[in-house]
Amino acid sequence: MIKTDVVIIGGGPCGLAAACGVEKSGAKCVILERDERLGGILNQCIHNGFGLHVFNEELTGPEYAHRWIDKVNECKNVKYYLNSFVYMIECTPNGYLVSAYNDEDLIEVEAKAVILALGCREKPAGSVQLLGTRPSGIFTAGCAQKLINIEGKSVGKRVVILGSGDIGLIMARRLTCEGATVLGIYEIMPQSGGLARNITQCVKDFNIPLNLSTTVTRVEGDKRLTGVYVAPVDQKLQPVAELEKFIPCDTLLLSVGLLPEIEIANDFQLEFNPTTNSYCVDEYFQTSKTGLFCAGNVLHVNDLVDNVSREGQHAGECAGLYALGKLPTAEKVEITFDDHIKYTAPKYIYKTGAGEVQVSFRVNKNYRRTIIRAISGGVEISRRPAPVVTAGEMQTVTIDKSKIQEDLHFEIQVLE
Amino acid sequence: MKKLETICIRCPIGCHLVVTEQNGEVVVTGNRCPRGAEYGKQEFTRPMRTVTTIYKMSNGDTLSVRTKGDIEKSKYWDVIKTIKSAPEPKNPQFGDVLVHNILDSGVDVIITAVNKN
Ligand SMILES: Cc1cc2nc3c(=O)[nH]c(=O)nc-3n(C[C@H](O)[C@H](O)[C@H](O)COP(=O)(O)OP(=O)(O)OC[C@H]3O[C@@H](n4cnc5c(N)ncnc54)[C@H](O)[C@@H]3O)c2cc1C
Ligand code: SF4
C-alpha cells in the first residue's frame, strides 16, 4: 500500500494542475490515471485555442497538456501511475483508501485527502430519443474525434450532426478538412450551446448550415445508416411532424452534452446539484465531505481549459493544506442568485476575512447589455457591465472576501 | 461606412466585435483585450486563420500538426493539401517542423503530438 497526503483521480488538465497545487502547498500527492498517458481529453483536441490565459499563447490541446506534464515532472513530491483505473474510494481512520486496477495488479493508495478530477463523458445515443433502427454510422462527437485525430480513421462521407455543443462544432470543421461533407448541424434549442468563436471559425468559415430549433427525429438504415429525418420544433420543443424531411447521409454525430463522471463517489451521498449533475463544493472545491475535493469537468462542464487548470490548481493547494492540517475554516455563507443564473461554483464561501475568491456561473440563455452584480449585506460589492452573456460561456467574478457580510447574492441586470 | 460585426476568435471568450472604417481609420469596439482590436482590424482587411490537422504516417501512427502562425484564410485548403502530401518525416518528435515556410507564407507547420497506433 502506498501512503501519501493527497490522491488525485484522473490525470487530465485538472489533475495535472491539482498536482502542481499540492506541490505548492508543501504536501505530497499521487495521480492515478486510467489511460496510458497523461493529458486526458486534451490529447484528442488537436485544434488551437488552449492556454491563452494561463500561458498567454494559443496552443493546441496536446501542447497545452505537454506544458503541464512538464510542470508535473518538475515537482518533487508528485508521483503518477498510468494504466490505473480507480474503482473504489473508501474511508479509513487515516482518511481515504483509493483502489485501482493497474493491468493485472492492484494499487492501493491511502491519503488524507482525495481530489476527484475524472472529467466527464459524453451523453450516449440512448440519451436522445431517436426512433428507428440502430444501424452503424452513429457516433458521439468525442468518439469520432478520437477515431479521426488519434487513430487516423475515417467515420463517414456525408455527415449530419445533432446538437451544437463545442465538440460537435469542432468536429464539423475537422470532418470537412478530412474530406467529408457536413450536410448540416441540427440544434433543438433556439441558440447554440457552443462558444461563439467556434460558430465563426468552424461553421460559418466553412458554410456549414446551422439549423436552430430543429432536431433529428428518426434514423433509417439497415446495416449502415442511410439517412435521418429532421423536423423543426415548436415552443415546447416537440417536433412538427408535417414539416419533417429526409436527409440522405451515412453518418450521424451526436453532440448532445456531457455528464460528469461522479459515480465513483456515489456511496458517500454527497450534497448533489441536479443542474450540474454533480456535487456542490465550497470555495476550497471541497464537497460536503471533508477531505474529498472535486474540480474540473467532473464538477461542471468547462468550455475553457484555462479555467479547469485554475480550479485544479486551487483545489490541489487546498487539499494539500487540508492534509497538512492548515486549511482555515470559518462560518459558511451560501451563495444565492437570481433566475438568470443556473448555478454557481463554489456554492459556499467561508468568512475567513482576507483574500479573494473566484465564483463561476452559467446563465440560462443569451442576454445582451447586462450588468453582473454581487451583493452582500444589501451593498453592491462587485459590478461588471457585460455587453453579451451567453449560455455557452462560463462567467467568472472575483470577489474581495473582506466585503462579504452574512450573505452573498449574484444577479444579472438585463438592460435590453 | 463599411461595417463588420464579428466574433473575436483569439480566445474562447469570443467577444462580439464591431469593426467600422471612419475617415480611413479602422475602429474596433467590443473587445475585452488588445488582441481583439488587432483581430478585428485583421478580419476587416485580410482574414487570417491557424490551420490544425493530422498527418498520417505509413505505419498507422498519426501526427497532430498546426501552422505556427496564422495564414491567409483564402489559402486554408491549399495549406491542408500541402500538409497532407508532405514527405513523410523520419522519427518525428513533438515540436519538429513538418513543412518549412508553407506556400511561402513565412509560417512553419509544426508537430504538436505523435500518436502511436
Ligand atoms: C469528448 C470530449 C471532447 C472535448 N473537446 C473539447 C475541445 O475540443 N475544446 C475544449 O476546450 N474542451 C473540450 N472538451 C472539454 C475538456 O474536456 C475540458 O476543458 C478539460 O479537458 C477538462 O479537464 P479535466 O481534467 O476535468 O477532464 P479530462 O480531460 O476529461 O480528464 C479526466 C481524466 O481522468 C481520467 N479518469 C476518468 N475516470 C478515471 C478512473 N476511474 N480512474 C482513473 N482515471 C480516470 C481520464 O482518463 C482522463 O485522463 C471536451 C470534452 C470531452 C468529453
Ligand atoms: S478580445 Fe481578447 S478577451 Fe475578447 S475574445 Fe478576443 S482575445 Fe479573447
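Cut-offs used in this document
Residues numbered from 1 in each chain as written. Chains lettered and ligands numbered in written order. Predicted model: local features only at pLDDT ≥ 70, side-chain atom pairs only at ≥ 80, totals over all residues. Heavy atoms only, no water. Helix = DSSP H or I, 4+ residues; strand = E, 2+ residues; numbered from the N terminus. Buried < 20%, exposed > 50% of the residue type's maximum accessible area, 1.4 Å probe, protein only. Contact = heavy atoms within 4.5 Å. Areas by Shrake-Rupley, 256 points an atom, 1.4 Å probe, with all protein chains shown as cover. Lys, Arg positive; Asp, Glu negative; His and termini not counted. Charge placed at Lys NZ, Arg CZ, Asp CG, Glu CD. Domains from an automatic or database assignment. Buried area = accessible area lost by both parts, 1.4 Å probe. Salt bridge = Lys/Arg side-chain N within 4 Å of Asp/Glu carboxyl O. Polar contact = N/O pair within 3.5 Å; in protein donor to acceptor, adjacent residues only side chain to side chain. Nonpolar A, V, L, I, M, F, W, Y, C, P; charged D, E, K, R; others polar. Pairing = 2+ DSSP bridges. Axes fitted to C-alpha atoms, helices over the stretch in contact; angles between N-to-C directions. Near = heavy atom within 4 Å. 1 Å grid on protein atoms, 1.4 Å probe; cavity = no way out; pocket = protein on both sides within 12 Å on 5 of 7 lines; lining within 4 Å. Points joined across faces, edges and corners; volume = space filled by probe spheres on them.

Another aspect to go through is the overall build of chain B. Tallying secondary structure elements over chain B gives two helices and nine strands in all. Seen in sequence order, chain B has helices and strands lined up from the N terminus as β-β-β-α-β-β-β-β-α-β-β. Across its three principal axes, chain B shows a C-alpha extent of roughly 55 × 25 × 15 Å. A burial count over chain B gives 45% of its 117 residues as buried. For chain B, restricting intrachain contacts to residue pairs at least 6 apart in sequence, the fraction spanning at least 24 positions comes to 42%. Roughly 6000 Å² of accessible area belongs to chain B as shown, and the carbon and sulfur atoms make up 49% of that amount. Side-chain charges of chain B comprise 17 positive and 13 negative groups, with the mean position of each set lying 4 Å from the other.

Quite often, the size of an interface is put as the accessible area lost when its parts meet. All names here are of chain A. Structurally, chain A comprises domain 1 (1–121 + 258–329), domain 2 (124–256) and domain 3 (330–416). Distance from the C-alpha centre of domain 1 to the C-alpha centre of domain 2: 32 Å. Taken over both partners, the interface formed by domain 1 and domain 2 buries close to 910 Å², and the fraction arising from carbon and sulfur atoms is 53%. If you sort the residues of domain 1 by the area they bury against domain 2, Gln44, Ile46 and His47 come out on top, with a joint share of 54%. Linking domain 1 with domain 2 are one salt bridge, by the criterion used here. With its nearest N and O atoms 3.1 Å apart, the salt bridge here joins glutamate 58 to arginine 197. Our enumeration of links across domain 1 and domain 2 arrives at four residue pairs in polar contact (both at pLDDT 80 or more). The residue inventory of the side of domain 1 that touches domain 2, partitioned by class, reads three nonpolar, five polar and three charged.

What follows deals with the sheet that holds strand β31 (residues 395–400) of chain A. All names here are of chain A. Reading across the sheet, the three strands line up as β26-β28-β31 and stay open at both edges, with antiparallel pairing between neighbours. If you trace the sheet from one side to the other, it starts and ends with β26 (341–345) and β31, each paired once. The mean angle between the axes of side-by-side strands here comes to 30 degrees, regardless of whether they run parallel or antiparallel. In this sheet, strand β28 (residues 356–363) lies alongside β26 in antiparallel orientation, the contact comprising four bridges. Paired with tyrosine 343 across the bridge in β28 is arginine 362.

Turning our eyes to something else, we now look at the interface of chain B and chain A. Listed as interface residues are 33 residues of chain B and, on the opposing side, 33 residues of chain A. Buried surface at the junction of chain B and chain A, summed over both partners, amounts to about 3000 Å²; 53% is from carbon and sulfur atoms. Taken together, the links from chain B to chain A amount to five salt bridges. For aspartate 205 of chain A, the salt bridge goes to lysine 73 of chain B, with nearest N and O atoms at 3.1 Å. At the junction of chain B with chain A, the criterion picks out twelve residue pairs in polar contact (both at pLDDT 80 or more). Mapped onto the side of chain B that touches chain A, the elements with two or more residues apiece are β5 (52–56), β6 (62–67), α2 (76–84) and β9 (109–115) of chain B. Among the elements that take part in the side of chain B that touches chain A, β9 of chain B stands out by supplying five residues, more than any other. Of the residues assigned to the side of chain B that touches chain A, the class counts are 14 nonpolar, eleven polar and eight charged.

Another aspect to go through is the site of ligand 1. Residues and elements named next belong to chain A. Surrounding ligand 1, one finds 33 residues, the nearest of these being Cys14, Glu33, Ile41, His47 and Asn297. The side chain of glutamate 33 places a nitrogen or oxygen atom 2.6 Å from an oxygen atom of ligand 1. With respect to ligand 1, the side chain of arginine 34 contributes an N or O atom lying 3.0 Å from an oxygen atom. When isolated, ligand 1 has an accessible area of 980 Å², and the protein chains bury 94% of it.

Residue and element names in this part refer to chain A. With respect to the helices and strands, isoleucine 341 occurs in strand β26. Separated by 251 residues in sequence, isoleucine 341 and glutamate 90 have C-alpha atoms that sit 35 Å apart. What isoleucine 341 contacts, discounting residues up to four positions off in sequence, is Phe361, Arg362, Val363, Phe410, Glu411 and Ile412.

This part takes up empty space enclosed by the protein. With the rule as written, the count across this model stands at one cavity of 30 Å³ or more. Quantified by volume, the largest cavity comes out at close to 60 Å³. Along its surface, the largest cavity is lined by Asn48, Glu58, Arg173, Arg197 and Gln201 of chain A together with Ile9, Arg10, Arg49, Thr50 and Asp70 of chain B.

A separate point is the site of ligand 2. In the region of ligand 2, the neighbouring residues are Cys8, Arg10, Cys11, Gly14, Cys15, Asn31, Arg32, Cys33, Arg35 and Gly36 of chain B. When the residues that make up the shell around ligand 2 are grouped by side-chain class, the tally is four nonpolar, three polar and three charged.

All names here are of chain A. Examined against the element boundaries, serine 99 turns out to sit in strand β8 (residues 95–102). Judged by relative accessible area, which is 1%, serine 99 ranks as buried. Once residues lying within four places of it in the same chain are set aside, the contact partners of serine 99 are Phe85, Val86, Tyr87, Met88, Glu90, Ile107 and Glu108.

Before going further, it helps to examine the pattern of salt bridges. Counted under the stated rule, the structure contains 27 salt bridges over all chains. Measuring nitrogen to oxygen at the nearest pair gives 2.8 Å for the salt bridge that ties arginine 46 of chain B to glutamate 72 of chain B. Taken together, the residues arginine 46 of chain B in the loop between α1 (34–45) and β4 (48–49) and glutamate 72 of chain B in strand β7 (residues 71–72) connect sequence positions 26 residues apart. Given a relative accessible area of 25%, glutamate 72 of chain B falls into the partly exposed group. Each of Asp205 of chain A together with Glu43, Arg49 and Lys73 of chain B takes part in salt bridges that share partners, so that together they form one network.

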